[in-house]
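What follows is the residue order along each chain.
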Amino acid sequence: MRPFDYTRAQDSAEAARIAGQGATFIAGGTNLLDLMKLEVMTPDHLVDITHLDLNEITQTEAGGLRIGALVTNSDLAADMAVRRGWPLLPKALLSGATGQLRNKATTGGNLLQRTRCYYFYDPDMPCNKREPGSGCAAMGGMNRLHAILGASDACIATHPSDMAVALRALGAHVDLMAEDGSTRTLPLGDLYRLPGDTPEVETNLKPGELITHVVLPAPVHGRQIYRKVRDRASYAFALVSVAAVIDVESGVISQAKLAFGGIAPMPWRMTEIEDFLIGKAPSEDLWEEAADLLLSDARGQGSNDFKIPLARRTLAAVLNEATRGDDQ
Amino acid sequence: MQTKLTINGNEHDLEHDTRTTLLDALRNHLGLSGTKKGCDHGQCGACTILINGRRINACLTLACMHDGDEITTIEGIGTPDNLSPMQAAFVQHDGFQCGYCTPGQICSATAMLEEARMGWPSHVTDDVTSAPDLTDTEISERMSGNLCRCSAYPNIVDAIRQVSEKTT
Ligand SMILES: Cc1cc2nc3c(=O)[nH]c(=O)nc-3n(C[C@H](O)[C@H](O)[C@H](O)COP(=O)(O)OP(=O)(O)OC[C@H]3O[C@@H](n4cnc5c(N)ncnc54)[C@H](O)[C@@H]3O)c2cc1C
Ligand code: SF4
Ligand code: FES
Ligand code: FES
């Protein structure tokens, strides 16, 4: 690890101000320290934000929840209001990492965790995200974990978070505080950027901008499913994941919220698919057409070609499960 | 820099580099070598300790971030003359072979039972609003952050099940 200075921030404004001068936030540290040990990330100043007053989950006037950026993944998954109203979120959280890691990992840190591309993790390999202009070793290399949608000629990495996929389907927003103390709110989808020519820029955050909260809208009616397909049954990153909130009334789909993980540089959502499904009766043919919408621009890179049929089948499996008889 | 750490009820004043992980502080600065280093990247669970009663990976956190916290290591869980119920169950069921992962397994299992007592669901819990029984599948999933290179898993699960049945 490279040497760095350490400051423990007392409040959000102080944290954002110090970060605005070039320091890096540390929350749970489970991603940042991992990358600092490998010298993939080399901050010269860390601002410890773990003592900020951002660890509560409160109700909003709109019937939703406001989740502090420092609420741990464990506490969020264990919260009874979350489990009752937004079960998709604990399902996604609990499918990720381990008990130990979730006890440290925070809501803000989880959203901003970096890709698990093997070459990004290896400073001896070319990687445009780590070292702009050096090339992309994953193209033509090992790219089993990599993107089939939203990638560019500069970078084909995926965003690894499970939580972010659920939050995207649930229509979450993020509250931010800038270095001058001003605040703004972004839909989660606008937090992230596609790689384009600048894969090193992953978000639309301004320098020093702090995520203070994640805001969930009121619960929507419907069955909530998170299906994560991976190389082993526990403790592995998603190859493909699907988050869904689906409701059926009088034989037709009345509610459809879908987001996808493991296939793109950010948690992926296409409202066209949701609009297409609404008002139609569940059927295998309908799932095929929905998958066509999702995958019309999909492109494999060799070792991740399997993700195209896998995404199709996973979507169909989730839609079948979500619309299956019994309590509908 | 300086940090005051409270470990197993004792306070220690530590003079250290900002880069020192809590794991290295325990092992190299304070001589508490019960906590093991396997991967040093949060992947194996050998370094599991308890902070304010919760299990974490000591290799992925900085010592300077923990002044004021109550840290419990395997040395604070029990002693050879006074084993904790989990330690005794691991001995009784042969929940180890080489023993390298064992301190982490025992710290992790001890805290995991507390999580289950608080009604936390897991990835294998069908209904996340329920407080599930600790079946073997639940135990395995909840312990997935502790790898055992000797694959003593069946006996580890036996040990944990026994303690869980005795205490619930
Ligand atoms: C072995 C292993 C397996 C894992 N498996 C999974 C998995 O299956 N699924 C999954 O989703 N995740 C997985 N993870 C990743 C884990 O979820 C993340 O490491 C964790 O969520 C990051 O949160 P943190 O608080 O520790 O972030 P940190 O490491 O503290 O920070 C991460 C980044 O976010 C920035 N940051 C943190 N908080 C804020 C804030 N409030 N505002 C602005 N910037 C901020 C930091 O500057 C840093 O750049 C795994 C991790 C490991 C080590
Ligand atoms: S896919 Fe992106 S992160 Fe991976 S090597 Fe290529 S540029 Fe780097
Ligand atoms: S040494 Fe910490 S998890 Fe492996
Ligand atoms: S007993 Fe040898 S690693 Fe678990």
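Named according to an unreviewed UniProt entry, chain B is 2Fe-2S iron-sulfur cluster-binding protein originating from Pseudosulfitobacter koreensis.

Named according to an unreviewed UniProt entry, chain A is Xanthine dehydrogenase family protein subunit M originating from Pseudosulfitobacter koreensis.

**Student:** Let's hear about the overall build of chain B: which residues, and what values?
**Tutor:** In terms of regular secondary structure, chain B is built from 6 helices and 5 strands. Ordered by position from N to C terminus, the α and β elements of chain B give β-β-α-β-β-β-α-α-α-α-α. By the compact-globule yardstick of 15 Å for 168 residues, chain B fits well, its C-alpha radius of gyration being 16 Å. Along the first, second and third principal axes, the C-alpha atoms of chain B reach 45 × 35 × 30 Å. Looking at chain B as a whole, 55% of its 168 residues qualify as buried. For chain B, the accessible surface area stands at approximately 7300 Å², while carbon and sulfur atoms represent 47% of it.

**Student:** Describe the domain arrangement of chain B, naming the residues involved and giving the relevant values.
**Tutor:** All names here are of chain B. For chain B, the domain assignment lists domain 1 (2-77) and domain 2 (85-167). Taking only C-alpha atoms into account, the centre of domain 1 sits 22 Å from that of domain 2. Contacts between the two partners involve 17 residues from domain 1, matched on the other side by 17 residues from domain 2. Carbon and sulfur atoms make up 58% of the surface buried where domain 1 meets domain 2, a total of about 1400 Å² over both sides. By the criterion of area lost to domain 2, the three top residues of domain 1 are R55, I74 and I77, representing 42% of everything that side buries. For the pair domain 1 and domain 2, the number of links is 1 salt bridge. The salt bridge involving R55 is made with E115; its shortest N-O contact spans 2.8 Å. Connecting domain 1 to domain 2 are 7 residue pairs in polar contact (both at pLDDT 80 or more). Mapped onto the side of domain 1 that touches domain 2, the elements with two or more residues apiece are β3 (48-51), β4 (54-57) and α2 (74-77). Of all the elements, β3 adds the most residues to the side of domain 1 that touches domain 2, at 3 residues.

**Student:** So what about the interface of chain A and chain B? Which residues, and what values?
**Tutor:** Taken residue by residue, the interface counts 42 residues in chain A and 38 residues in chain B. Summed over both partners, the interface of chain A with chain B buries about 3100 Å², with 55% contributed by carbon and sulfur atoms. It is K37(A), R83(A) and Q100(A) in chain A that bury the most area against chain B; as a group they hold 22% of the surface buried on that side. Our enumeration of links across chain A and chain B arrives at 3 salt bridges. The salt bridge involving K37(A) is made with D40(B); its shortest N-O contact spans 2.9 Å. The interface formed by chain A and chain B holds 22 residue pairs in polar contact (both at pLDDT 80 or more) in total. Among the elements of the structure, β1 (5-8), α2 (32-37), β3 (45-48), α3 (73-78), α4 (80-85), α5 (88-94) and α6 (99-104) of chain A are those that each provide at least two residues to the side of chain A that touches chain B. At 5 residues, α6(A) tops the list of elements feeding residues into the side of chain A that touches chain B.

**Student:** Break down unusual backbone geometry for me, citing the residues and quoting the values.
**Tutor:** All names here are of chain B. Its identity is not glycine, yet D40 carries a phi of approximately 65°, on the positive side. Inspection of the secondary structure puts D40 in the loop between α1 (22-29) and β3. Positive phi, normally seen in glycine, also occurs at N52, with a value near 50°. Relative to the assigned elements, N52 resides in the loop between β3 and β4.

**Student:** Any details on the pairing of β3(B)? Residues and values, ideally.
**Tutor:** Where a strand is regular, its side chains alternate between the two sheet faces. Residues and elements named next belong to chain B. Burial of the side chains of β3 extends over both faces: T48 and L50 are buried on one face and I49 and I51 on the other. In this sheet, β4 lies alongside β3 in antiparallel orientation, the contact comprising 4 bridges. Paired with I51 across the two strands is R54, which belongs to β4.

**Student:** Hey, could you go over the site of ligand 2 for me, with residue numbers and the actual values?
**Tutor:** Lining the immediate surroundings of ligand 2 are 15 residues, of which C117(A), C127(A), C136(A), C155(A) and I156(A) lie closest. Its residues assigned to classes, the shell around ligand 2 comprises 12 nonpolar, 2 polar and 1 charged.

**Student:** Mind laying out the packing of aromatic side chains, listing which residues take part and the relevant values?
**Tutor:** Two aromatic rings, taken as a pair, are described by how far apart their centres are and by the angle between their planes. Residues and elements named next belong to chain A. Summed over the entire model, instances satisfying the criterion amount to 2 aromatic pairs over all chains. Their ring planes at 80° and their centres at 6.0 Å tell us that Y118 and Y119 sit as a pair that is edge-to-face. We classify Y118 as partly exposed; its relative accessible area is 28%. Here Y119 falls in the buried class, since its relative accessible area comes to 10%. Ring plane angle 80° and centroid distance 6.2 Å describe the contact between F120 and Y121, whose orientation is recorded as edge-to-face. You can call F120 buried: its relative accessible area is 2%.

**Student:** Break down the environment of G20(A) for me, citing the residues and quoting the values.
**Tutor:** Residues and elements named next belong to chain A. For G20, the location among the structural elements is in helix α1 (residues 12-20). Take G20: its relative accessible area is 23%, and that puts it in the partly exposed class. As a C-alpha pair, G20 and E209 span 189 residues in sequence and 7.2 Å in three-dimensional space. Setting aside anything within four residues of it in sequence, one finds G20 in contact with E179, P207 and G208.

Thresholds applied
- Residues numbered from 1 in each chain as written.
- Chains lettered and ligands numbered in written order.
- Predicted model: local features only at pLDDT ≥ 70, side-chain atom pairs only at ≥ 80, totals over all residues.
- Heavy atoms only, no water.
- Helix = DSSP H or I, 4+ residues; strand = E, 2+ residues; numbered from the N terminus.
- Rg over C-alpha atoms; globule rule 2.2 N^0.38 Å.
- Buried < 20%, exposed > 50% of the residue type's maximum accessible area, 1.4 Å probe, protein only.
- Areas by Shrake-Rupley, 256 points an atom, 1.4 Å probe, with all protein chains shown as cover.
- Domains from an automatic or database assignment.
- Contact = heavy atoms within 4.5 Å.
- Buried area = accessible area lost by both parts, 1.4 Å probe.
- Salt bridge = Lys/Arg side-chain N within 4 Å of Asp/Glu carboxyl O.
- Polar contact = N/O pair within 3.5 Å; in protein donor to acceptor, adjacent residues only side chain to side chain.
- Pairing = 2+ DSSP bridges.
- Near = heavy atom within 4 Å.
- Nonpolar A, V, L, I, M, F, W, Y, C, P; charged D, E, K, R; others polar.
- Phe/Tyr/Trp six-rings, centres within 6.5 Å; stacked < 30°, edge-to-face > 60°.

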